[in-house]
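# Observations on the model geometry
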Amino acid sequence: MSQDIHILPEKLCNQIAAGEVVERPASVTKELVENSLDAGATSIHIEVERGGKRLVRVSDNGSGMGREDAFLCVERHATSKLRSEEDLSCLQTLGFRGEALPSIAAVSRMLLRTRMADSMEGWEIYLEGGDVRRAGAAGAPVGTTIEVRNLFFNLPARRKFLRRDETEFGHIADMVTKLALARPHIQFQLFHDGRLVIDVNRQKSLAERVADLLGTELLKGLVPLDYSRNGLRLQGLISQPITTRPTANLMFTFINGRYIRDRVVHHALREGYRNLIMKGRQPVVALFLEMDPALVDVNVHPTKHEVRFRDQALVHDFIAAAVRETLQPSSWAEARSDTPAPPPSGPPAPQAFSPNRPVESRERVRETPLIYHEKEIRPVPEAPFYFSTAECDATGFFGSLKVIGQYRNSYILCQDENDLLLIDQHAAHERIAFEKLKLQHRESGVEGQQLLFPLVLDFDHREAAVIGEHLALLRQLGFELDHFGGPSFALKGVPRILTTEEGEGLIRAVVGELVSIGRSALVEQALDGLLTLMACHRVVRANQSLNLSEIKALLAELDQVGFKAQCPHGRPVFKRLTLQEVERMFKRT
Ligand code: ADP
Ligand code: MG
């Protein structure tokens, strides 16, 4: 047997690597565009035919390559971006493996044409299935064009797995959207079968780019976020709780300029929106996390959408807090005013990776790091899309309204300067009751209840280790567990408001999350669910007549609680009709 060991031929290696790197036309597009970005291009032109199965052509105005590099770049492990092991921990480029071009070349007909700015002539290389068929000097504009035709022409089994043109093109458009979101200052054009589908010019801000790619209507539902702590910085745009989608498709998250789709990050975002959006709905976010590259491994998967953080829990809590405190800025200022946060010590993000910061009007108050300006983090009022979460955070906002009356015993009508406000009295009451219950709960802790007969629960070894580390935390949450030998624990107490079975189910889910994410909010979630239910039963229903002093009392109470723009089910508490809107209704403008 051992005599049979041999080194695989280069060509076969490339085909195997292609299996990992090249999944479909969208992955080809991604690799080519990332190379263009790494080459410093400011304009990238992408043409595809038949969903990319017949052709993917990417042209850029980047650095171009000289003769030697043009030949080298289609060789395996040829890269200009990585020289030593140390470089690997502080990568600033999107590529580094030197694997993409040879892999793509191995499974297609590839034409590469490139010219450097200071060179009189360009170079052209044509390969079929990785073999160079033709090469020579050629006229070319400065930059690089790579054409990939007939993907998988030599691997019929893989070609068969490609989907309909529209489906494959959908993946490409999606990929280009993600790349374009991360680089507002770069021009992108995407054509499908001659039709221009994405066309974004160089732009100044993420907000402009979002408006162009995803629509101005959507942008109106977003608020800027910019938050730094412990060397981490998170910035971008996130939806107000009222702007949601049924899927996570519009949750765009990036780390150091690279698109990622990570469990820990998504979990943290959901945690930030907990109790603010309706069940089964997802927020819209375009968020950029900047952190020391040495503290995150982007090298875990060739398509590089998953990452591994050195400290998962730290990143998780940071993101959740950033979202929470952006949606409720005043509570943040109150809670933190006595303990000033340390100045951000994070590495300045490489320029190319910093998407421009959102929304001009916001820019002015954010010139210096946000934590030094606690009073100023309240969004600027003239920006049209802030009112529903933030304007009402002004102290005494609701109390200052002029009460007009009650409509159908369910809605309170008020006047704020020139605008008309409609308040859903049931939703308002629910939020108040919920926040109060939560406060009580937080002060008294979760009350545990001893079980008559302890329950012996078996876990696997990883789970058992995690339980061992978190016994004190679990006790705070109302769970009492004792080590019972091996990976088993005796469950002796559960939160009073749960049955034993619910308690067991919850503890298993919590441990599962602690193992995979390093954090669990399931207990809080379960408790919030119960508190929501309790709140809902305690409060005034719709259809209840309120007199003026009852209305005033309700408004004053609303001023006392957080997150008052939504009830705990995520429904809005109030809506505003501006004078202009009313006038428009009556055709007075
Ligand atoms: P990697 O991006 O991991 O280095 P690739 O196989 O994608 O590996 O590319 C190999 C090399 O070819 C790159 O390191 C770069 O030097 C060069 N290259 C590829 N595409 C371009 C381009 N569009 N413009 C300039 N150089 C390029
Ligand atoms: Mg590359």
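Quick caveat: nothing in here was measured; it's all calculated off a predicted structure. (Residues numbered from 1 in each chain as written. Chains lettered and ligands numbered in written order. Predicted model: local features only at pLDDT ≥ 70, side-chain atom pairs only at ≥ 80, totals over all residues. Heavy atoms only, no water.)

## Things to note about the pairing of strand β10 (residues 232-239)
Counted residue by residue, β10 has 7 buried out of 8 residues, so it is predominantly covered. In the sheet, strand β9 (residues 222-229) pairs with β10 via 8 bridges, with the strands oriented antiparallel. Pairing of P224 across the sheet is with L237, part of β10. In this antiparallel pair of consecutive strands, β9 and β10, the connection spans 2 residues, and N230 shows a positive phi of 50°. Here β10 pairs with strand β15 (residues 285-290) via 6 bridges, running antiparallel. Bridged to L234 within β15 is L289. (Buried < 20%, exposed > 50% of the residue type's maximum accessible area, 1.4 Å probe, protein only. Helix = DSSP H or I, 4+ residues; strand = E, 2+ residues; numbered from the N terminus. Pairing = 2+ DSSP bridges.)

## A look at the site of ligand 1
The environment of ligand 1 is made up of 20 residues, and the closest members are N35, T79, S80, K81 and G98. Within the contact set of ligand 1, an oxygen atom lies 2.5 Å away from a side-chain nitrogen or oxygen of T79. Between ligand 1 and S80 there is a distance of 2.5 Å, counted from an oxygen atom to a side-chain nitrogen or oxygen. In the complex, 93% of the free accessible area of ligand 1, which totals 530 Å², lies under the protein chains. Counting only elements with at least two residues in the shell around ligand 1, the list comes to α2 (25-38) and α5 (100-106). Grouping the constituent residues of the shell around ligand 1 by class yields 8 nonpolar, 8 polar and 4 charged. (Near = heavy atom within 4 Å. Polar contact = N/O pair within 3.5 Å; in protein donor to acceptor, adjacent residues only side chain to side chain. Areas by Shrake-Rupley, 256 points an atom, 1.4 Å probe, with all protein chains shown as cover. Nonpolar A, V, L, I, M, F, W, Y, C, P; charged D, E, K, R; others polar.)

## Here we look at the nonpolar core
By size, the foremost hydrophobic cluster in this structure holds 63 residues, and its most contacted members are V22, L32, I44, M110, V148, F188 and L190. Broken down by element, this core gets its largest block of residues, 9 residues, from helix α7 (residues 165-182). Residue contacts for L190: discarding those within four places in its chain leaves I46, V48, F169, I172, A173, V176, R195, L196, V197 and I198. Counting 33 residues, the second-largest nonpolar core is a separate cluster that includes I260, L289, V296 and V323. (Core = buried A, V, L, I, M, F, W, Y, C linked by side-chain atoms within 4.5 Å. Contact = heavy atoms within 4.5 Å.)

## Considering the packing of α7 against helix α8 (residues 206-214)
One way to put it is that α7 packs onto α8 with a least axis distance of 9 Å and a crossing angle of 160°. Looking at the two axes, α7 sits roughly antiparallel to α8. Where α7 crosses over α8, the handedness of that crossing is right-handed. From α7, T177, A180 and L181 reach across to α8, where they touch L206, R209, V210, L213 and L214. Tallied by class, residues from the contact of α7 with α8 come to 6 nonpolar, 1 polar and 1 charged. (Axes fitted to C-alpha atoms, helices over the stretch in contact; angles between N-to-C directions. Parallel < 35°, antiparallel > 145°, perpendicular 65-115°, else oblique. Left-handed = near helix turned anticlockwise from the far one by under 90°.)

## Details of the environment of K204
On the secondary structure map, K204 appears in the loop between β8 (195-200) and α8. Taking the relative accessible area as the measure of exposure, K204 reaches 59% and is therefore exposed. When the C-alpha atoms of K204 and I186 are compared, they prove to be 9.5 Å apart, with 18 residues separating the residues in sequence.

## Section: the confidence of the model for the protein chain
When pLDDT is averaged along the protein chain, the result is 82; 85% of the residues meet or exceed 70. Ignoring residues within four places in sequence, the model shows residues 330-392, a span with pLDDT below 50, making 125 contacts including any to other chains. (pLDDT = per-residue confidence, 0-100.)

## Here's the deal with the packing of helix α15 (residues 461-469) against helix α17 (residues 500-517)
At a minimum axis separation of 9 Å, α15 and α17 run at an interaxial angle of 95°. With respect to α17, the element α15 is oriented roughly perpendicular. Every residue of α17 that contacts α15 at R462, E463, V466 and I467 is listed here: V511, L514 and V515.

## Section: the packing of aromatic side chains
Scanning the entire structure with this criterion turns up 8 aromatic pairs. Geometrically, the ring pair formed by Y407 and Y411 is tilted, given 6.2 Å between the ring centres and 35° between the ring planes. You can call Y407 partly exposed: its relative accessible area is 44%. Here F459 and F489 contribute two aromatic rings whose centre-to-centre distance is 6.2 Å and whose plane-to-plane angle is 70°, an arrangement assigned as edge-to-face. With F459 in the loop between β21 (448-458) and α15 and F489 in strand β23 (residues 488-495), the pair connects residues that are 30 residues apart, well separated along the chain. Residue F459 shares its accessibility class with F489, and that shared class is buried. Site record: aromatic cluster; members linked through ring pairs are F254, Y259 and F288. The ring of W123 has R67 lying over it, and the distance from NZ or CZ to the ring centre is 5.1 Å. (Phe/Tyr/Trp six-rings, centres within 6.5 Å; stacked < 30°, edge-to-face > 60°. Lys NZ or Arg CZ within 6 Å of the ring centre and 35° of its normal.)

## With respect to the sheet that holds β21
Within the open sheet, the 3 strands sit side by side as β21-β23-β22. Their pairing is antiparallel. A strand with exactly one partner marks an edge of an open sheet, and here the two such strands are β21 and β22 (480-483). Recorded for the sheet is a direction-independent mean angle of 20° between the axes of neighbouring strands. The sheet contact formed by β22 and β23 spans 4 bridges and is antiparallel. Paired with E480 across the two strands is G493, which belongs to β23. Strands in contact with α17 are β21, β22 and β23; relative to β21, the strand with the most contacts, it is inclined by about 55°.

## A closer look at the pattern of salt bridges
Taken as a whole and judged by the stated rule, the model has 25 salt bridges. Across the pair R109 and E128 runs a salt bridge whose closest N-O atoms are separated by 3.5 Å. You can see R109 sitting in strand β3 (residues 109-115) and its partner E128 sitting in strand β4 (residues 122-128), a full 19 residues away along the chain. Classification of R109 by relative accessible area gives partly exposed; the value is 26%. Accessibility expressed as a relative area gives 21% for E128, which makes it partly exposed. The salt bridge partner of R134 is E124, with a shortest N-O separation of 3.8 Å. Pair noted here: R134 is in strand β5 (residues 131-138) and E124 is in strand β4, with a separation of 10 residues, a long-range link. Take R134: its relative accessible area is 48%, and that puts it in the partly exposed class. (Salt bridge = Lys/Arg side-chain N within 4 Å of Asp/Glu carboxyl O.)

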